[in-house]
Amino acid sequence: METTVDFNVTKVERSKLNDLSLENIPFGKFFTDHMLEADYENGEWKNVEIKPYQPLLLEPSLAALHYGQSIFEGIKAYKFENGDAFIFRPYDNWKRFNKSAERMCMPEVPEEIFIDGMKQLIELDKNWIPAKAEHSLYIRPFMFATDPVLGVKPSLTYKFLILLSPTGPYYAEPMKIYVEEKYTRAAPGGVGFSKNAGNYGGSMMAAKEAQKLGYDQVLWTDAFEHKWLQEVGMMNVVFVINNTAVTPSLDEGTILEGVTRASVLTLLEEMGLQVEERKINIDEVIEAYKKGSLKEVFGTGTAATIAPIKELRYKDFAMKFDAWTVAPKVKGQLNNIRYGRSDDRFNWLERI
Ligand SMILES: *Cc1c(COP(=O)(O)O)cnc(C)c1O
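Rules of the game
Residues numbered from 1 in each chain as written. Predicted model: local features only at pLDDT ≥ 70, side-chain atom pairs only at ≥ 80, totals over all residues. Heavy atoms only, no water. Buried < 20%, exposed > 50% of the residue type's maximum accessible area, 1.4 Å probe, protein only. Core = buried A, V, L, I, M, F, W, Y, C linked by side-chain atoms within 4.5 Å. Contact = heavy atoms within 4.5 Å. Patch = residues over 30% accessible without salt bridge, like charges linked within 9 Å, V, L, I, M, F, W, Y side chains within 5 Å. Areas by Shrake-Rupley, 256 points an atom, 1.4 Å probe, with all protein chains shown as cover. Salt bridge = Lys/Arg side-chain N within 4 Å of Asp/Glu carboxyl O. Near = heavy atom within 4 Å. Polar contact = N/O pair within 3.5 Å; in protein donor to acceptor, adjacent residues only side chain to side chain. 1 Å grid on protein atoms, 1.4 Å probe; cavity = no way out; pocket = protein on both sides within 12 Å on 5 of 7 lines; lining within 4 Å. Sits in = over half its atoms within 2 Å of the grid points. Nonpolar A, V, L, I, M, F, W, Y, C, P; charged D, E, K, R; others polar. Domains from an automatic or database assignment. Buried area = accessible area lost by both parts, 1.4 Å probe. Helix = DSSP H or I, 4+ residues; strand = E, 2+ residues; numbered from the N terminus. Points joined across faces, edges and corners; volume = space filled by probe spheres on them.

1. A word on unusual backbone geometry
Despite not being glycine, Asn242 shows a phi value in the positive range, around 50°. Taking the relative accessible area as the measure of exposure, Asn242 reaches 47% and is therefore partly exposed.

2. Describing the nonpolar core
Judged by nonpolar contacts, the single largest core of 49 residues is most densely connected at Leu36, Trp45, Phe114, Ile122, Ile139, Met143 and Phe160. Discounting chain neighbours no more than four positions away, the residues touching Ile139 are Glu73, Gly74, Ile75, Lys76, Ala77, Ile87, Met118, Ile122, Ile162, Leu163 and Leu164.

3. Notes on a nonpolar patch on the surface
On the surface, Tyr67, Leu150 and Val152 cluster together into a nonpolar patch covering about 340 Å² of accessible area. The class of Tyr67 is partly exposed, set by a relative accessible area of 37%.

4. Observations concerning the site of the ligand
Around the ligand, 15 residues are found, and the nearest of them are Lys195, Tyr200, Glu231, Thr260 and Thr302. Glu231 is positioned with one of its side-chain polar atoms (N or O) 2.5 Å from a nitrogen atom of the ligand. Thr302 is positioned such that a nitrogen or oxygen atom in its side chain is 2.6 Å from an oxygen atom of the ligand. Protein chains shield 98% of the accessible area of the ligand, which is 380 Å² for the free molecule. More than half of the atoms belonging to the ligand lie within 2 Å of the grid points that define the largest pocket. Split by residue class, the shell around the ligand holds 5 nonpolar, 6 polar and 4 charged.

5. Things to note about the domain arrangement of the protein
The domain architecture assigned to the protein consists of domain 1 (2-169) and domain 2 (175-338). Here domain 1 and domain 2 have C-alpha centroids that lie 28 Å from each other. Tallying the contact residues gives 21 residues for domain 1 and 24 residues for domain 2. Of the roughly 1900 Å² buried at the junction of domain 1 and domain 2 (both faces included), carbon and sulfur atoms supply 59%. On the surface where domain 1 and domain 2 come into contact, there are 2 salt bridges. A salt bridge links Glu257 to Lys99; the shortest N-O distance between them is 3.2 Å. Our enumeration of links across domain 1 and domain 2 arrives at 12 residue pairs in polar contact (both at pLDDT 80 or more). Of the residues forming the side of domain 1 that touches domain 2, the biggest block, 6 residues, is contributed by helix H2 (residues 90-103).

6. A look at the pattern of salt bridges
Two side chains that carry opposite charge are able to pair once their charged atoms sit near each other. Within this structure, the stated rule accounts for 23 salt bridges. Across the pair Lys51 and Glu37 runs a salt bridge whose closest N-O atoms are separated by 2.9 Å. You can see Lys51 sitting in strand S3 (residues 44-52) and its partner Glu37 sitting in strand S2 (residues 34-41), a full 14 residues away along the chain. Each member of the pair, Lys51 together with Glu37, is buried. Because the salt bridges share partners, they merge into one network encompassing Glu37, Asp39, Glu49, Lys51 and Lys159.

7. Quick word on the layout of surface pockets
Quantified by volume, the largest pocket comes out at close to 760 Å³. Along its surface, the largest pocket is lined by 37 residues, and Tyr170, Tyr200, Gly233, Met234 and Ala303 are the ones closest to its centre. Listing elements by their share of the lining of the largest pocket, those giving two or more residues are strand S7 (136-145), helix H4 (197-201), helix H5 (204-212), strand S10 (217-221), helix H6 (259-270) and strand S15 (294-301). Class assignment of the residues belonging to the lining of the largest pocket gives a composition of 16 nonpolar, 14 polar and 7 charged. Three or more residues apiece are contributed to the lining of the largest pocket by two domains, here domain 1 (2-169) and domain 2 (175-338).

Okay, structure coming up:
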């Protein structure tokens, strides 16, 4: 594929940072001064530009709005105490983004735009990375179809953008989770493994109903028996049974391949736990809980990092947890790497 990458850079005249404090800033509400934008046309990426964050002018017939070719990523950058800044495992997200693109019949985005463009954009907005504990810069690359025509077929034109959003801690409180039995998020052969916008539109009803019952999110189950466990909202899930960490395997393509999941599994192994990626159903979880061997359950994801679960409810049975050992420990290990307090022994950090 031919790629023309010229990186026109237009800077803002005055930074919005002058009017904003980066302490305890809510997730996803504020965006930095600049964004990256690129267009795909005639089989190649062009007009790669870093420019002031601004609205887009789009056709109402825009293909993405009607037929859902729209994918995204979520990545974080961190600032060390000495002021150095790093992106956490961006190459894994880049690869996953292109897997999502392939599944949705969208073009791949080359490294020079996704990675190099991201680094250049962050470099420009480096002052926006909060230096406080648990704070970070959330990076949102996304791509959508822009053909201005109706008709169900892969679009010929696309836009790729990267937004940056400074963020404080996400889910501070342990979560209450409802095991979903009515709705389905993903089935084999579907698009569950791809980070495409439709997956989230389709999941909101289940979360909304769970919230009415006092729960924060649902734990998705398989489409056929509603027994085999998948993931929680925008997080993968880990069950600690005695000294073994069990997480649903990715084989069926129904689960998002989380970068946090992969990092956590590596760290759990380093901590001396047995790690198992396999099918796990709710009966096994309940049995382990009743025997006292289910020690803790937690979610993993870029936005929330590690979120302990204080209640997991299946039908009328509520499993309750009030003490966590593994979740805070692995979160601490992960944070130590991300904030430069311990050695980056797995080469997860990409310097900006
Ligand atoms: C993004 C996402 C995750 C977590 O992936 P990370 O790479 O760890 O952020 C898990 N499940 C779903 C459905 C997601 O969209």
